[in-house]
Amino acid sequence: MAKSIRDIYFDIHSCMAFPTQGLKLKDIAKWCGFKWRQSQMDGFEAATLYGSSGNLTKAAKREVIEYNEDDLLALKHVLLYCTKMQELESVGTNASRSL
């Protein structure tokens, strides 16, 4: 299973630059138009809450689950954004070559 896990952080940053203050997924996804349900929570807070799972309220559990869901959806959103930009660039490059 570990062989199938891949960190795509460097893949994204090697082909795209984003005009954001930070390089975190939350910053980039927000710039690409993604809306977070748990806008105040960050990964550290989610991990801390998860680590104390025996003491979590139902509302706190729901927040952690939503944060984790949004984390995956945000990554998908950024990848789709990158793919779209790459396709637009390819169309523009091909159009200028035909002139």
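Look a little higher up for the structure.
All values derive from a computational prediction rather than experimental measurement.

Peer 1: Before we move on, can you summarise the pattern of salt bridges with the specific residues and values?
Peer 2: Counting across every chain of the model gives four salt bridges. Among the ionic pairs, Arg37 bridges to Glu69, the shortest N-O distance being 2.9 Å. In this pair, Arg37 sits in the loop between α2 (25-31) and α3 (43-51) while Glu69 sits in helix α4 (residues 58-97), placing the two residues 32 residues apart along the sequence. It is possible to trace a salt-bridge network through shared partners that takes in Arg37, Arg62, Glu66, Glu69 and Asp70.

Peer 1: Hey, could you go over the layout of surface pockets for me, with residue numbers and the actual values?
Peer 2: Size it by volume and the largest pocket reaches roughly 250 Å³. If you go around the largest pocket, you meet 13 residues; those closest to its centre are Ile8, Tyr9, Ile12, Leu25 and Leu75. Secondary-structure elements contributing two or more residues to the lining of the largest pocket are α1 (9-15), α2 and α4. The leading source of residues in the lining of the largest pocket is α4, at four residues. Residue composition of the lining of the largest pocket, by class: nine nonpolar, one polar and three charged.

Peer 1: Can you explain a nonpolar patch on the surface? Please cite residues and give values.
Peer 2: Taken together, the side chains of Tyr9, Phe10 and Leu23 make up a nonpolar region of the molecular surface, amounting to roughly 330 Å² of accessible area. Along the polypeptide, Tyr9 turns up in helix α1. Judged by relative accessible area, which is 32%, Tyr9 ranks as partly exposed.

Rules and cut-offs
- Residues numbered from 1 in each chain as written.
- Predicted model: local features only at pLDDT ≥ 70, side-chain atom pairs only at ≥ 80, totals over all residues.
- Heavy atoms only, no water.
- Salt bridge = Lys/Arg side-chain N within 4 Å of Asp/Glu carboxyl O.
- Helix = DSSP H or I, 4+ residues; strand = E, 2+ residues; numbered from the N terminus.
- 1 Å grid on protein atoms, 1.4 Å probe; cavity = no way out; pocket = protein on both sides within 12 Å on 5 of 7 lines; lining within 4 Å.
- Points joined across faces, edges and corners; volume = space filled by probe spheres on them.
- Nonpolar A, V, L, I, M, F, W, Y, C, P; charged D, E, K, R; others polar.
- Patch = residues over 30% accessible without salt bridge, like charges linked within 9 Å, V, L, I, M, F, W, Y side chains within 5 Å.
- Areas by Shrake-Rupley, 256 points an atom, 1.4 Å probe, with all protein chains shown as cover.
- Buried < 20%, exposed > 50% of the residue type's maximum accessible area, 1.4 Å probe, protein only.

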